[in-house]
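Working through the structure, step by step
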Amino acid sequence: MKLLIQIAIVFGICLLGEGISMLIPIPVPASVVSMVLLFLCLLFGWLREEHIRDKADFLLKNMAFFFIPAGVSILEHFDTIKGIILPFLFICFFTTILTFAATAGTVALVSRWMNRGEKYE
Amino acid sequence: MNEFLQEIYSSPFFAICLSVLAYAVGYWLNRKTGLPLLNPLLIAIILVVLVIQILHIPMESYNQGGDIISMFLAPATAVLAVSIYRQLDILKKNIVPVVAGAVVGSLVSMGSVTLLCRLFRLEEKITASLLPKSVTTPIAMGISEQHGGIVSVTVAAVVVTGIVGAMLAPALIKLFRVKNPVAAGVAIGTASHALGTSKAIEIGEIEGAMSGIAIGAAGLCTVIFAMFAG
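Residues numbered from 1 in each chain as written. Chains lettered and ligands numbered in written order. Predicted model: local features only at pLDDT ≥ 70, side-chain atom pairs only at ≥ 80, totals over all residues. Heavy atoms only, no water.

Along chain B, the regular secondary structure elements total 12 helices and 0 strands. Walking chain B from its N terminus toward its C terminus, one meets helices and strands in the order α-α-α-α-α-α-α-α-α-α-α-α. Relative to the globule expectation of 17 Å for 230 residues, the C-alpha radius of gyration of chain B, 19 Å, shows essentially globular dimensions. Across the 230 residues that make up chain B, the buried fraction comes to 56%. Of the contacts formed within chain B by residues at least 6 apart in sequence, a portion of 66% connects residues at least 24 apart. Carbon and sulfur atoms make up 67% of the accessible area of chain B, which amounts to about 10,100 Å² in all. (Helix = DSSP H or I, 4+ residues; strand = E, 2+ residues; numbered from the N terminus. Rg over C-alpha atoms; globule rule 2.2 N^0.38 Å. Buried < 20%, exposed > 50% of the residue type's maximum accessible area, 1.4 Å probe, protein only. Contact = heavy atoms within 4.5 Å. Areas by Shrake-Rupley, 256 points an atom, 1.4 Å probe, with all protein chains shown as cover.)

Before going further, it helps to examine the overall build of chain A. When its secondary structure is counted, chain A shows 6 helices and 0 strands. Secondary structure elements of chain A, listed N to C terminal, follow the sequence α-α-α-α-α-α. Here chain A has a C-alpha radius of gyration of 20 Å; the compact-globule value for 121 residues is 14 Å, and the former is much larger. Viewed in the frame of its principal axes, chain A has a C-alpha envelope of about 55 × 50 × 35 Å. Counting all 121 residues of chain A, 47% fall into the buried class. In chain A, once contacts between residues fewer than 6 apart in sequence are set aside, the share between residues at least 24 apart is 43%. Roughly 6,800 Å² of accessible area belongs to chain A as shown, and the carbon and sulfur atoms make up 70% of that amount. When the 9 positive and 9 negative side-chain charges of chain A are each reduced to one mean point, those points stand 7 Å apart. (Lys, Arg positive; Asp, Glu negative; His and termini not counted. Charge placed at Lys NZ, Arg CZ, Asp CG, Glu CD.)

We now examine helix H1 (residues 2-23) of chain A. Spanning 22 residues, H1(A) covers 32 Å between terminal C-alpha atoms, matching the ideal 32 Å at 1.5 Å per step. For H1(A), the full list of buried residues reads A:Gln6, A:Val10, A:Ile13, A:Cys14, A:Gly17 and A:Ser21. Down the axis of H1(A), the buried set is contained in an arc of 95°. They therefore lie on one face. Facing away from the buried surface of H1(A) by more than 90 degrees, the exposed residues are A:Leu4, A:Leu15, A:Leu16, A:Met22 and A:Leu23. Along its buried surface, H1(A) packs onto helix H2 (30-43) and helix H3 (49-61) of chain A together with helix H5 (73-78) of chain B. (Expected span 1.5 Å × (residues − 1). Arc of directions from axis to C-beta.)

Before going further, it helps to spend a moment on the interface of chain A and chain B. How big an interface is tends to be reported as the loss of accessible area on association of its parts. With 65 residues of chain A at the interface, the matching set in chain B holds 92 residues. Here chain A and chain B share an interface that buries about 7,100 Å² over both sides, 85% of which is from carbon and sulfur atoms. Between the two partners, chain A and chain B, sit 2 salt bridges. A salt bridge links B:Arg86 to A:Glu49; the shortest N-O distance between them is 2.7 Å. Here chain A and chain B share 5 residue pairs in polar contact (both at pLDDT 80 or more) between them. Contributions of two or more residues to the side of chain A that touches chain B are made by H1, H2, H3, helix H4 (68-72), helix H5 (74-81) and helix H6 (85-114) of chain A. Here the side of chain A that touches chain B gets 24 residues from one element, more than from any other, and that element is H6(A). Classifying every residue of the side of chain A that touches chain B by side-chain character gives 48 nonpolar, 12 polar and 5 charged. (Buried area = accessible area lost by both parts, 1.4 Å probe. Salt bridge = Lys/Arg side-chain N within 4 Å of Asp/Glu carboxyl O. Polar contact = N/O pair within 3.5 Å; in protein donor to acceptor, adjacent residues only side chain to side chain. Nonpolar A, V, L, I, M, F, W, Y, C, P; charged D, E, K, R; others polar.)

Moving on to the side chain of B:Asn94. Inspection of the secondary structure puts B:Asn94 in helix H7 (residues 88-119). With relative accessibility at 13%, the residue B:Asn94 sits in the buried group. In this structure, B:Asn94 is in contact with A:Ser111 and B:Val182, ignoring residues within four places of it in sequence.

Residue-level pLDDT values for chain B average 92, and 100% of them are 70 or greater. Model confidence for the complex: the whole-complex pTM is 0.88, and ipTM, which rates the interface, is 0.90. (pLDDT = per-residue confidence, 0-100.)

Next comes the structure, spelled out in structure tokens:
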């Protein structure tokens, strides 16, 4: 029963997120709206972490698994990218590495800059 | 016999069992070899694709169960809020660097994609399809559509980007000597959305939480920048 209620709470928030995402004019996906909703619920104490802990840990620990069908679906789209497969893969690899480096560098730089004068980070 | 098999293949239980089994093999191989490049998700996707191709299973049959697995993506993204909430103090201390990282990262992603597409002389609609490749699928699809992209190319690019991010994240952290876990997390989330985040969670709690924030922050930045991209 405990787990059932946890599932219902999380799915209920996702349902609310879907509703809100349909109503707001900018294209923010339901899953991101749900994430913000759940965060606000925790922040304002409407929900406590133990209300959803087991369900949350199950989803977080197995997150990669839920992407398998999305990955398999590339098979369906393969015909459209077949002709440009090499530049396509190069762009996906190269820009991801570049974005990673630029983001990590920025975060490290800005936090060092903000912590200047402090003895330890 | 053939009809019987087709019935079996189109049961949702088939796709779910096949996916779990493939993931278990990937997980086991990854543990056994200790090679981050042998990413469990990547192995699982390849195994499932092989089985589907060899047994001539139609995509519609696999999707009977595949859609049920995909349904969990939304709640899995939502509960990232729990891991963010667990790191609330760190987030409060680092809110400016986190936002700065997402802004710069999104700009670099969109800029480098545009430049490379020009360099390879790809069609305008391919450029529009690849432009939002670093953000989570629903956002990317929306942006691609608005700019006249091909949605299926966008979906493929988003997934490949995510796998690249998840696969390379540990190596990139070493290569660029990223010592700050906040920087590593934001970088993973900005470069490779929720799929990369699944790896960030495994690397550490701070990394996972910051990667989760970056999904939202980079997604929002990309939506805003795409409005100005024409």
